[in-house]
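Listed below, chain by chain, are the residues.
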Amino acid sequence: LDLMENCMFGNIFFSVLYPGTEIEEHCGPTNVRHRLHFPLYVPTRSEDGLGPTLKVCGRTLRWCEGEAFVFDDSLAHAARYPNNDGSEVRVVLV
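Per-chain numbering applies: the sequence of each chain, read as written, is numbered from 1 onward. Owing to the predicted nature of the model, reporting of local features is limited to residues with pLDDT of at least 70; listing and counting of side-chain atom pairs is limited to 80 or more, with chain, interface and lining totals taken over all residues. Neither water nor hydrogens contribute to the side-chain values; these are computed over all heavy atoms in the structure.

Q: Got a minute to help me understand the overall build of the protein chain in this structure?
A: Scanning the protein chain from terminus to terminus reveals zero helices and eight strands. The helix count covers DSSP runs of H or I at least four residues long, the strand count covers runs of E at least two residues long, and both are numbered beginning at the N terminus. Secondary structure elements in the protein chain, listed N-terminal to C-terminal, are β-β-β-β-β-β-β-β. Each residue's exposure class comes from its accessible area (1.4 Å probe, protein chains only) as a fraction of the maximum for that residue type: buried when under 20%, exposed when over 50%, partly exposed otherwise. Here the protein chain holds 94 residues, and 33% of them are scored as buried. In what follows, a contact means two residues having at least one pair of non-hydrogen atoms within 4.5 Å. Considering only residue pairs separated by 6 or more positions, the protein chain has 75% of its internal contacts joining residues 24 or more positions apart. For the protein chain, the computed accessible surface area is about 6300 Å², with 52% contributed by carbon and sulfur atoms. Computed with a 1.4 Å probe, the accessible areas rest on the Shrake-Rupley method; for each residue, only the protein chains presented here act as cover.

Encoded structure:
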């Protein structure tokens with residue numbers, strides 16, 4: 001559809017986060033967009049309790065499979081997934 005071509009406000013994608021990934025804190029371009037995260041696959045946390053996290057305005061969130069959440073994309077946010085032996089990818093529909 002030409003209607004959605006190059007549209008930065010109406011897109012959907014799979015976000016795949018690999019162990020050892022850190023996405024630096026950043027903000028979206030405008031406060032008229034909200035992001036919905038629908039976790040499809042989230043590895044269980046390791047024995048040390050480390051797993052993939054999303055920090056929004058200083059608040060740390062953890063993805064839980066099948067539990068969606070929404071946040072304002074214009075707020076400062078960052079993702080972190082420590083590199084643990086045997087860890088798997090985290091997949092979220094955004």
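Picking up after the structure, the text goes on.
Q: Hey, could you run me through the environment of Val94 in this one?
A: Locating Val94 in the fold gives a position in the segment after β8 (90-93). Apart from residues lying up to four places away in sequence, Val94 is in contact with Asn11, Ile12, Phe13, Ser15, Arg35, Leu36 and His37.

Q: When you look at the packing of aromatic side chains in this model, what are you seeing that I'm missing?
A: By convention here, two paired aromatic rings are described through the distance between centres and the angle between planes. The criterion for an aromatic pair is that two Phe, Tyr or Trp rings (for Trp, the six-membered ring) have centres within 6.5 Å, with stacked assigned to planes under 30 degrees apart, edge-to-face to planes over 60 apart and tilted to the rest. Scanning all chains against the criterion turns up zero aromatic pairs. Placement of a charge over a ring requires the Lys NZ or Arg CZ to be within 6 Å of the ring centre, with the centre-to-atom vector within 35 degrees of the ring normal. A cation over an aromatic ring shows up here: Arg90 above the ring of Trp63, its NZ or CZ 4.4 Å from the ring centre.

Q: Would you mind showing me how to read the pattern of salt bridges here?
A: Any Lys or Arg side-chain nitrogen located within 4 Å of an Asp or Glu carboxyl oxygen qualifies as a salt bridge. Counting across every chain of the model gives three salt bridges. Across the pair Glu22 and Arg80 runs a salt bridge whose closest N-O atoms are separated by 3.7 Å. Remark: Arg80 occurs in strand β7 (residues 77-81) and Glu22 occurs in strand β2 (residues 21-26); sequence separation between them is 58 residues. Among the residues examined, Glu22 registers a relative accessible area of 59% and is labelled exposed. By sharing partners, the salt bridges in this structure join Arg33, Arg35 and Asp73 into a single network.

Q: Please explain the pairing of β7 as it appears in this structure.
A: Looking along a regular strand, one sees the side chains alternate between the two faces of the sheet. With respect to burial, β7 is a largely interior element, four of its five residues being buried. In this scheme, strands are said to pair when DSSP sees at least two bridges between them. Across four bridges, the pairing between β2 and β7 is antiparallel. When the sheet's bridge partners are listed, Thr21 is paired in β7 with Tyr81. Where strand β4 (residues 53-56) meets β7, four bridges bridge the pair, whose relative direction is antiparallel. Bridge pairing links Lys55 to Ala78 in β7.

Q: Explain the sheet that holds strand β5 (residues 59-62) here, please?
A: In sheet architecture, strand pairing relies on hydrogen bonds along the backbone and comes in two forms, parallel and antiparallel. Taken together, the four strands give an open sheet; going across it, the order is β2-β7-β4-β5, and neighbouring strands pair in antiparallel fashion. For this open sheet the edge positions go to β2 and β5, each flanked by a neighbour on one side alone. Each strand of the sheet is rotated relative to its neighbour by a mean of 20°, with strand direction disregarded. Fitting a line to C-alpha atoms yields each axis, with helices limited to the stretch in contact; the angle taken between N-to-C directions then spans 0 to 180 degrees.

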